[in-house]
Structures are given as structure tokens and as C-alpha cells.
Amino acid sequence: MFHSAAFFDLDRTLIRRSSVLALAGSFRRRGLISRLDLAKSAFWQVLFVLHGASAERVGSAAEDGMKILKGFSVADLQALVGDAMEPVLRPLVYDEPLHLVRAHRERGERVYIVSATLQEIVEHIADDLGFDG
């Protein structure tokens, strides 16, 4: 039997900006990044919003992010995202995609987030917003 599903990108589709960059302040408060890293994050966020990002730049930023998270446990990352959901991420969620999610659900379709963002971030947001995965 064929089952339908809908897939939504996270960054700049479900939320107004890059989720990782949105969490930069939370990373700073946890001591993962320095003030300089936070300033760089703000700079890259502005460029991302104004111009988008090339695949090369996204890849480079992902590699830099992974270096920052070295030694940070999955449980710690999940706690960080959990603490940031309401004050940081929830206000960035667009209403329109959530209306589409409800429409898909009403038709009995599953809904998923597809993203290159860290899995722990995507999973928490998916759970919080009522996605299937």
C-alpha cells in the first residue's frame, strides 16, 4: 500500500534562520564558544539572511561547528536544545508551515523534517512541533 508523506526543511523554511546560528547564544552561555565565536556567528547569520549560503560555505561551517562540539555529549546537546526551544527557537517558527503540517496530518499523511542540521537539534524540534521524525 502506498503511503503519502510531506517533508519540510528546517532552516529558513520552518524557522526564520539557521538553527545552529540561532543557538549560538546558548552555546556561548554553556561555554562552548567564545565571544569572538559569537560575533562571528552573528556576522555569518547576517550574510546567510542577506545572501544565502553556498554548499561549500555550509560544509565549512558544519566542519567548524563539529570542532566546537568536540567533547560535548549528546545528552548535553539535547539539554541545550531543550532549554532553548521556547525562548530561542519557538519564536522563529513560521506559522505557514505549521498550517501545512496540520493539513497533511488531517489527510492522514506523515510529516518529517529533512535537514543537514545536527540530528539532535532536528529531533528535538521535530518532537516539539509534532512531526513524525
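Residues numbered from 1 in each chain as written. Predicted model: local features only at pLDDT ≥ 70, side-chain atom pairs only at ≥ 80, totals over all residues. Heavy atoms only, no water.

A.B. asks: What am I meant to see in the overall build of the protein here?
C.D. replies: The helix and strand inventory of the protein stands at 7 helices and 2 strands. Every one of the 133 residues in the protein was classed for burial, and the buried ones make up 34%. Put simply, of all contacts in the protein between residues at least 6 apart along the chain, 74% involve residues at least 24 apart. When the accessible surface of the protein is summed, it comes to about 8200 Å², and 55% of that surface belongs to carbon and sulfur atoms. (Helix = DSSP H or I, 4+ residues; strand = E, 2+ residues; numbered from the N terminus. Buried < 20%, exposed > 50% of the residue type's maximum accessible area, 1.4 Å probe, protein only. Contact = heavy atoms within 4.5 Å. Areas by Shrake-Rupley, 256 points an atom, 1.4 Å probe, with all protein chains shown as cover.)

A.B. asks: Hey, could you run me through the packing of aromatic side chains in this one?
C.D. replies: To describe a pair of aromatic rings, you give the distance between the ring centres and the angle between the ring planes. Overall, the coordinates contain 2 aromatic pairs when judged by the stated rule. Aromatic side chains phenylalanine 8 and phenylalanine 131 sit 5.8 Å apart centroid to centroid with 85° between the ring planes, which places their arrangement in the edge-to-face category. Of this pair, phenylalanine 8 sits in strand β1 (residues 5–9) while phenylalanine 131 sits in the segment after α7 (119–129), and the two are 123 residues apart along the sequence. Exposure remark for phenylalanine 8: the relative accessible area of 8% places this residue in the buried category. (Phe/Tyr/Trp six-rings, centres within 6.5 Å; stacked < 30°, edge-to-face > 60°.)

A.B. asks: Could you clarify how one ought to interpret the side chain of glutamate 120 in this entry?
C.D. replies: Assignment of secondary structure puts glutamate 120 in helix α7. With no salt bridge to any partner, buried glutamate 120 finds its closest opposite charge in arginine 30, at an N-O distance of 13 Å. Discounting residues that sit within four places of it in the chain, glutamate 120 has contacts with Val74, Leu77 and Gln78. (Lys, Arg positive; Asp, Glu negative; His and termini not counted. Salt bridge = Lys/Arg side-chain N within 4 Å of Asp/Glu carboxyl O.)

A.B. asks: Even after reading the chapter, I still don't get unusual backbone geometry, so can you show me in this structure?
C.D. replies: It is generally the case that most residues other than glycine have a negative phi and that most peptide bonds are trans. Look at arginine 12: it is not a glycine, yet its phi comes out positive at around 65°. Along the chain, arginine 12 turns up in the loop between β1 and α1 (19–22).

A.B. asks: Is there a simple way to think about the nonpolar core in this case?
C.D. replies: The tendency in soluble globular proteins is for nonpolar side chains to be buried side by side. Formed by 33 residues in total, the largest nonpolar core has its most connected members in Leu23, Phe27, Leu89, Ile113, Ile125 and Phe131. Where this core is concerned, the elements lending two or more residues are β1, α2 (24–29), α5 (74–89), α6 (95–106), β2 (110–114) and α7. It is α5 that contributes the most residues to this core, 7 residues altogether. The contact partners of isoleucine 125, leaving out residues within four places of it in the chain, are Leu10, Met85, Leu89 and Ile113. (Core = buried A, V, L, I, M, F, W, Y, C linked by side-chain atoms within 4.5 Å.)

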